[in-house]
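# Remarks on the overall topology
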Amino acid sequence: MNRQPQPPAVQLGKFYPLGFVIKFDPPIIGLVYHPIERNKVNKKKRKVYTIHLNNLIFLVEPEDIVEQLFQEHTDFLDPNIIKPEQVFKLVLRLVAYRDHQLKNMHEMGEDMDYYDGEEYEEEIVPQVSKGGKRANDNNKSF
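Notes on the structure in this doc start here. Sequence positions are assigned chain by chain, starting from 1 and proceeding in written order. Residues qualify for local features only when their pLDDT is at least 70, as the model is predicted, and side-chain atom pairs are given and counted only at 80 or more; totals for whole chains, interfaces and linings, by contrast, use all residues. Working from all heavy atoms in the structure, the side-chain values ignore hydrogens and water.

### Here's the deal with the layout of surface pockets
Each pocket or cavity is described by its volume, and for the second largest pocket that value is around 180 Å³. Taken together, Phe24, Asp25, Pro27, Ile57, Phe58, Leu94, Tyr97, Arg98, Gln101 and Leu102 form the lining of the second largest pocket. Only Asp, Glu, Lys and Arg are considered charged in this grouping, and only Ala, Val, Leu, Ile, Met, Phe, Trp, Tyr, Cys and Pro are considered nonpolar; every other residue, Gly among them, is considered polar. Of the residues in the lining of the second largest pocket, the class split is seven nonpolar, one polar and two charged. Cavity means a closed set of points on a 1 Å grid over the protein atoms alone, one where a 1.4 Å probe fits but cannot get out, pocket means an open set with protein on both sides within 12 Å along at least 5 of 7 lines, and lining means a residue has an atom within 4 Å of a point. Grid points are joined across faces, edges and corners, and a volume is the space filled by probe spheres set on the points.

### Comments concerning the pairing of strand E1 (residues 15-23)
Here the rule is simple: two strands pair whenever DSSP picks up at least two bridges between them. A run of DSSP states H or I qualifies as a helix once it reaches four residues; a run of E qualifies as a strand once it reaches two. Both are numbered from the N-terminal end. The pairing of E1 with strand E2 (residues 28-37) spans eight bridges and is classified as antiparallel. The residue of E2 that forms the bridge with valine 21 is glycine 30. What sits between E1 and E2 in their antiparallel hairpin is a turn of four residues.

### Description of the nonpolar core
Within this scheme, the nonpolar core is defined by two criteria: the residues are buried Ala, Val, Leu, Ile, Met, Phe, Trp, Tyr or Cys, and they are joined through side-chain atoms within 4.5 Å. Only protein chains enter the accessibility calculation, which uses a 1.4 Å probe; a residue whose area is less than 20% of its type maximum is buried, one above 50% is exposed, and one in between is partly exposed. Counting residues in each nonpolar core, the largest one holds 21 residues, and the members touching the most others are Ile29, Leu53, Leu69, Ile82, Val87 and Val91. Per element, the largest residue contribution to this core is five residues, and it comes from helix H3 (residues 84-111). Any two residues having at least one pair of non-hydrogen atoms within 4.5 Å are treated as being in contact. When neighbours within four sequence positions are excluded, valine 87 is seen to be in contact with Phe20, Ile29, Val66, Leu69, Phe70, Leu77 and Ile82.

### Looking at the environment of glycine 30
If you trace the backbone, glycine 30 turns up in strand E2. Of the residues examined, glycine 30 reaches a relative accessible area of 3% and is grouped as buried. In this structure, the C-alpha to C-alpha distance between glycine 30 and tyrosine 49, residues 19 residues apart in sequence, is 5.5 Å.

### Some remarks on helix H2 (residues 62-72)
Within H2, the full set of buried residues consists of Pro62, Ile65, Val66, Leu69 and Phe70. Buried residues of H2, viewed axially, fall in a sector of 130 degrees; they line one side. Starting at the helix axis, one direction is taken to each C-beta atom, and the arc is that of these directions.

### Some points on the side chain of asparagine 42
Checked against the element boundaries, asparagine 42 lands in the loop between strand E3 (40-41) and strand E4 (47-52). We classify asparagine 42 as buried; its relative accessible area is 16%. We define a polar contact as two N or O atoms separated by no more than 3.5 Å, with the added condition that, inside protein, one atom must be a possible hydrogen donor and the other a possible acceptor, whereas residues neighbouring each other in sequence contribute only through side-chain atom pairs. Here lysine 44 takes part through its backbone nitrogen, which lies 3.0 Å from a polar atom of the side chain of asparagine 42. What asparagine 42 contacts, discounting residues up to four positions off in sequence, is His34, Pro35 and Glu37.

### Considerations on the pattern of salt bridges
Basic side-chain nitrogens of Lys or Arg form a salt bridge, by our definition, when they fall within 4 Å of a carboxyl oxygen of Asp or Glu. One pass over the structure, following the stated rule, counts three salt bridges. Aspartate 99 serves as the salt-bridge partner of arginine 98, at 2.8 Å between the closest nitrogen and oxygen. Residue classification places arginine 98 among the buried residues on the basis of a relative accessible area of 12%. Taking the relative accessible area as the measure of exposure, aspartate 99 reaches 39% and is therefore partly exposed.

Encoded structure:
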């Protein structure tokens, strides 16, 4: 009987990676995998290991983000199983989205009126007509 060599993940007995998924807001990378049970890949089960980037997404260099992810998630981001280049490409997409969002927020801020930081409060007094009812009050509830 001719045995085919098993993928490195099967040899290590952890999981069999299938691919990645990403979510942009909030930034999440998901590793889709088959679990390995009793030294066999269970193709009937498909699981996702989620990695929340939280504040890591605000690091300046994508390489720093990838390095930190591999340090924090050693059980699933093993460089012998998952190529760092794959994760780097995903991080680049998330960083591009982050930069796009920040640019939009900056442009929206330029369009808004200037706010000098002082609080301003105006008291709103309802208008009362002669009959004791507020003007435009038809006692309808919303």
